[in-house]
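# Working through the structure, step by step
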Amino acid sequence: MDSARQILRDIYGYTDFRGQQEPVIEAVMAGRDAVVLMPTGGGKSLCYQLPALMLPGTAIVVSPLIALMQDQVAALKLLGIKAAFLNSSLDPETERRVLADLRGGGLDLIYIAPERLLQERTLNFLRPIGIALIAIDEAHCVSQWGHDFRRDYLDLHVLGQHFPGVPRLALTATADARTRKEIIGRLALTDPALFVSGFDRPNIQYNVLPKSDNRRQLLHLLSRHRDQAGIVYCMSRKKVESTAAWLTEQGHPALPYHAGMAAGERAANQHRFLREDGLIMVATIAFGMGIDKPDVRFVAHLDLPKSIEAYYQETGRAGRDGEPAEAWMVYGLQDVVRLRQMVDTSEVGEARKREERARLDALLGWCEVTECRRRALLAYFGDSLAEDCGNCDVCLQPPETWDGTVAAQKLLSCVYRTGQRFGAGHVIDVLLGKETEKVFQHGHQRLTTFGIGADRSQPAWRSVIRQLVVQAYLRVDHDRYGALVLTELSRPLLRNEHRLVLRKDPEAARQRKPKLRKGTVAEQDRQLWEALRDCRKRLADDQGVPPYVIFHDAVLMQMMEYRPGSADELLAINGVGQVKLDRYGEEFLAVINEH
Ligand code: ADP
Ligand code: ZN
């Protein structure tokens, strides 16, 4: 493995392997099939790129994402690696050249879409040229249960017959046991070595807070991420559009992305997000599959996703470069009501509904946790954590809990006395003893519960209602315009047979001040930082690639910190290899010198 380390250092400029990269590479070099499950950003690509450089012949990389092949190949070329792609986007002339290179043995890696690879003529062409290995990326696309299912992936099992003895490597970030089995079976892998890395993404900080004024809350988040790239997920297309426009007005350049936009416009926005520094993408869940932009610094959810799985996948797009990143979410009673209603009214069978309800409840419970949020997240996936993480909202600012039994009793009786016909707003008015028109209209000022909750604020009562609904002590009836109604759990609580522990919502005023964290630029370094980014952008535009393909943020950060003055010192930076030093070293050294 000495030569692998050498390549890692010389070509990629990295000092060490990450996670299970080394054992995976060893298995492939020994000719074994392998299944590699690594979280997003774990470094899957090196697992096949290094063997591709060491083994004789060309490595085939099967990828479902035609749109991304070009950037992946461009990034390899900048490292001085001989790579190309074959897909329907190539013009005939380029394609002829790629085929000629392949036949002449001049390529270390060829990226191909599955439908293209499986054509008889492609297989016939590739068979005689000497194949080093076959890497099947996004291997979970074979799963008919998942939402990324690709019909063409099912036929990939024939590769074993066409290329006997060639090691095949299946890679994915989706790791439940069922999908894993399906991958091995459907790809017909032979006694594969299995590499399962944990789900933890330690560089992502998790923050979940009750929704109050979500625009103000979002601005507060952005104050921690000035000029950084991020994704803001919203539920509806309309909200995507209005949020993107509003953010731009506020001086945070943002682009919309949703399935209702014309394909061209969508592609253009995605392209800009990848190419330009510090843009915000406001999107529905239509955006994200295979976005391997490494420097997404935050993923924000303005609306709740449907499950912990969806949440994990969406937030997984933050911080692929291993640098500090933030997963941030606000949620409120409205989200709970909307999602429950969506499940109830969806046209699927009862069994499926039960499953979806359970998933949603797991997510809601997770929102309200009072233990380390990361620990709870990992536990959901069957992973454990030895110690509290110290990098989630619960660890950083442990929520206070309180005995909410009496408050809940007041609320439930008020719901009962008003006839289980009113929504949260009116019930709270009655509790607070507010003399509104609606109160008088229904004579609610005469109820014994009128004003019995005046000791708490309106937001405090909202928090109680939300938590009661999450814990099923109270239900929202959407057939009756959002009326709150009692459930079978309400009675024991009213009779004092249950005690109820509730979480105290952090008050807006007490919310953490934006802190300067690792990965944030101090003011005196700002000029050098901007200059380094400008230099990177200029070089990237010259080459027609995204800026991070030139150097990651982490590399620029190190330049800022160590201020290398010579080529040797620059080479010592993690992420600077010989080829990039030769290409860009002078320009960056000049920028550092000037500041
Ligand atoms: P994945 O495909 O698993 O999501 P990638 O292969 O794209 O992840 O790698 C994520 C990022 O981590 C890339 O930018 C890559 O250059 C970087 N990386 C991979 N391996 C290492 C390593 N050993 N040391 C430092 N950075 C690494
Ligand atoms: Zn924690």
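All values derive from a computational prediction rather than experimental measurement.

## Here we look at the site of ligand 1
In the neighbourhood of ligand 1, 15 residues make up the surrounding shell, with Tyr 14, Gly 41, Ser 45, Arg 320 and His 552 lying closest. Here a nitrogen atom of ligand 1 and a backbone polar atom of Asp 16 are 2.8 Å apart. One of the side-chain N or O atoms of Gln 21 is found 2.9 Å from a nitrogen atom in ligand 1. Taking 570 Å² as the accessible area of ligand 1 by itself, protein coverage stands at 84%. The element contributing the most residues to the shell around ligand 1 is helix H3 (residues 44-54), with three residues. When grouped by side-chain class, the residues that make up the shell around ligand 1 number four nonpolar, seven polar and four charged.

## What about the sheet that holds strand S9 (residues 229-233)?
Spatial ordering of the open sheet is given by S8-S13-S12-S9-S11-S10, a layout of six strands whose pairing is parallel. Each edge of the open sheet carries a strand with a single partner, namely strand S8 (204-210) and strand S10 (254-257). Taken pair by pair, the neighbouring strands of this sheet meet at an average axis angle of 15 degrees, ignoring direction. Pairing between S8 and strand S13 (residues 325-331): seven bridges, direction parallel. Opposite Ile 204, over in S13, you have Ala 325 as the bridge partner. Sheet contacts for helix H10 (residues 214-223): S8, S9, strand S11 (280-283), strand S12 (296-301) and S13; angle to S13, the most-contacted strand, approximately 170 degrees.

## Things to note about the sheet that holds strand S1 (residues 34-37)
Read across the open sheet, the seven strands follow the order S3-S4-S2-S5-S6-S1-S7; overall the sheet is parallel. The sheet is open, and its two borders are formed by strand S3 (83-86) and strand S7 (193-196), each paired with just one other strand. Each adjacent strand pair in this sheet contributes to an overall mean axis angle of 20 degrees, direction not counted. Relative to strand S6 (residues 168-172), S1 is paired through four bridges, and the arrangement is parallel. Of the residues in S6, the one forming a bridge with Ala 34 is Leu 169. Running over the sheet, H3 touches strand S2 (58-62), strand S4 (109-112), strand S5 (131-136) and S6 and is turned about 160 degrees from S6.

## Some remarks on the confidence of the model for the protein chain
Scored by pLDDT, the protein chain has a mean of 90; 96% of the residues are at 70 or more. Counting interchain partners and residues more than four positions distant, the pLDDT-below-50 stretch residues 508-518 has 21 contacts.

## Concerning the pairing of strand S15 (residues 474-477)
Pairing of S15 with strand S16 (residues 483-486) involves four bridges; the strand directions are antiparallel. The residue of S16 that forms the bridge with Val 476 is Leu 484. The loop that links S15 with its antiparallel partner S16 comprises five residues; one of these, Tyr 481, has a positive phi angle of about 55 degrees.

What counts, and where the lines are drawn
The written sequence of each chain sets the order in which its residues are numbered from 1. Written order decides the labels, with chains lettered from A and ligands numbered from 1. This being a predicted model, a pLDDT of at least 70 is required before a residue's local features are given, and a value of 80 or more before pairs of side-chain atoms are given or counted; all residues contribute to the totals for chains, interfaces and linings. As a rule here, side-chain values come from all non-hydrogen atoms in the structure, and water together with hydrogens is ignored. Proximity is defined per residue: any heavy atom of the residue falling within 4 Å of a molecule or strand makes that residue near it. As used in this structure description, the phrase polar contact means that two N or O atoms lie within 3.5 Å; if the pair is within protein, one of them must be able to donate a hydrogen and the other to accept it, and residues adjacent in sequence are counted only when both atoms belong to side chains. For the accessible areas, the method is Shrake-Rupley and the probe is 1.4 Å, while residue cover comes only from the protein chains on display. For helices the rule is a DSSP run of H or I covering at least 4 residues; for strands it is a run of E covering at least 2, with both sets numbered from the N terminus onward. For this classification, Asp, Glu, Lys and Arg are treated as charged, while Ala, Val, Leu, Ile, Met, Phe, Trp, Tyr, Cys and Pro are nonpolar and the rest, including Gly, are polar. Whether two strands pair comes down to DSSP finding at least two bridges between them. Interaxial angles span 0 to 180 degrees and are taken between N-to-C directions of axes, which are lines fitted to C-alpha atoms, for helices over the stretch in contact. Contact criterion: two residues are considered in contact whenever any of their non-hydrogen atoms come within 4.5 Å of each other. The pLDDT score gives, residue by residue, the confidence of the prediction method on a 0 to 100 scale.

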